[in-house]
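# A closer look at the structure
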Amino acid sequence: MNPVTRSRYRAGATLSSRAALFALGPAISVVTPLIAIPIIVRLYGSGAWTAVAIGQSVGALGGLLVGLSWPQLGPLEVARADAGERSQIVADSTGSRLLMLAALAVPLAVTGAVLSPPGARIVAALCAVAAAGAGLTAGWYYVGIGAPGRLVLNEAVVRVLATIGACGAMLLGAGLIVYPLALLGAVAVSLLLNMRGAGTALYRHRWWYWAGVVDDWR
């Protein structure tokens, strides 16, 4: 194999491995609820899982709004930015999306609670807010810098561990409420890990800068 062919082969292999890792994160997120479904149904009945599913479905719609189009537009912006500008982009994006989540939290929680069966409405409400937290993902940032491993570790693995921990707690009698609380905790932990990884500490004072928030909302 000549050097040119070898170089192209290695480049192709690298791209393939990165693409596989980027696909792994969403795949893990899809499969993770399968860990909890049999345990929740066994312990609390199908109505409880219905409430969880309704809450997560409502929250998923809210997550699209919380994301403020960053999953679509962010990768290109990050890829074009200098290394020193990327932290500022992530910081500004985080502030605007946190405000959007705060604005939507109550409407999403109420919607999830109203649509869910009686007896598990608080769980559905919390699940809706936790699912909307998906809009805080830094997946677009990792796509822009080409670092799929960080996405898997900071988000997918954290969610799996939270789900396993919640399932263990439920089996020990902690109650169904522990499941959405664990998911909310996973959102918070992932957010902190992503912010730290992106080096946003220098730009925390900009999070609540109203002009930047309005620009993102537009």
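Just so it is clear, the model here is predicted, and its values are computed rather than measured.

## Some remarks on the nonpolar core
- Counting 25 residues, the largest nonpolar core has Val66, Ile89, Leu108, Leu136, Trp140, Tyr141 and Tyr142 as the members making the most contacts within it.
- Listing elements by their share of this core, those giving two or more residues are helix 3 (46-66), helix 4 (70-80), helix 5 (83-115), helix 6 (121-132), helix 7 (139-145) and helix 9 (178-198).
- Of the residues forming this core, the biggest block, six residues, is contributed by helix 5.
- If near-sequence neighbours (up to four positions away) are discounted, Tyr141 is found in contact with Val78, Arg86, Val90, Gly197 and Ala198.
- Core analysis: the next-biggest nonpolar cluster, separate from the first, contains 19 residues, Ile40, Ala48, Trp49 and Leu176 among them.

## Digging into the packing of helix 3 against helix 6
- Running from N to C, helix 3 and helix 6 point in directions that differ by 30°, and their axes come no closer than 6 Å. Here helix 6 runs roughly parallel to helix 3, going by the angle between their axes. Crossing of helix 3 over helix 6 shows right-handed handedness. On the side of helix 3, the interface is formed by Ala51, Val52, Gly55, Gln56, Val58, Gly59, Ala60, Gly62, Gly63 and Val66, while helix 6 contributes Val123, Ala124, Cys127, Ala128, Ala131 and Ala132.
- Looking at the contact of helix 3 with helix 6, its residues break down into eleven nonpolar, five polar and no charged.

## Things to note about the side chain of Asn194
- Checked against the element boundaries, Asn194 lands in helix 9.
- Polar contacts involving the side chain of Asn194 include one to the side chain of Tyr142, which spans 2.7 Å.
- Beyond its immediate stretch of four places on either side in the chain, Asn194 contacts Ala138, Tyr142, Asn154 and Glu155.

## A closer look at helix 3
- Between its terminal C-alpha atoms helix 3 stretches 30 Å, which fits the 30 Å expected from 21 residues at 1.5 Å a residue.
- Buried residues of helix 3: Ala48, Trp49, Ala51, Val52, Gly55, Gln56, Val58, Gly59, Gly62, Gly63 and Val66, and no others.
- Check the buried side of helix 3 and you find it contacts helix 2 (33-44), helix 5, helix 6, helix 8 (148-171) and helix 9.
- Just beyond helix 3, the residue with positive phi is Leu68, at close to 50°.

## Comments concerning the layout of surface pockets
- Considering only enclosed or pocket space, the largest pocket measures out at about 1000 Å³ in volume.
- Forming the walls of the largest pocket are 35 residues, and the residues nearest its centre are Ser29, Ala134, Gly135, Thr137 and Glu155.
- For the lining of the largest pocket, the secondary-structure elements that each account for two or more residues are helix 1 (3-31), helix 3, helix 4, helix 6, helix 7, helix 8 and helix 9.
- Considering every element that reaches the lining of the largest pocket, the biggest residue donor is helix 9, with six residues.
- Residues belonging to the lining of the largest pocket are distributed by class as follows: 19 nonpolar, 14 polar and two charged.

Criteria and thresholds
Residues numbered from 1 in each chain as written. Predicted model: local features only at pLDDT ≥ 70, side-chain atom pairs only at ≥ 80, totals over all residues. Heavy atoms only, no water. Core = buried A, V, L, I, M, F, W, Y, C linked by side-chain atoms within 4.5 Å. Buried < 20%, exposed > 50% of the residue type's maximum accessible area, 1.4 Å probe, protein only. Helix = DSSP H or I, 4+ residues; strand = E, 2+ residues; numbered from the N terminus. Contact = heavy atoms within 4.5 Å. Axes fitted to C-alpha atoms, helices over the stretch in contact; angles between N-to-C directions. Parallel < 35°, antiparallel > 145°, perpendicular 65-115°, else oblique. Left-handed = near helix turned anticlockwise from the far one by under 90°. Nonpolar A, V, L, I, M, F, W, Y, C, P; charged D, E, K, R; others polar. Polar contact = N/O pair within 3.5 Å; in protein donor to acceptor, adjacent residues only side chain to side chain. Expected span 1.5 Å × (residues − 1). 1 Å grid on protein atoms, 1.4 Å probe; cavity = no way out; pocket = protein on both sides within 12 Å on 5 of 7 lines; lining within 4 Å. Points joined across faces, edges and corners; volume = space filled by probe spheres on them.

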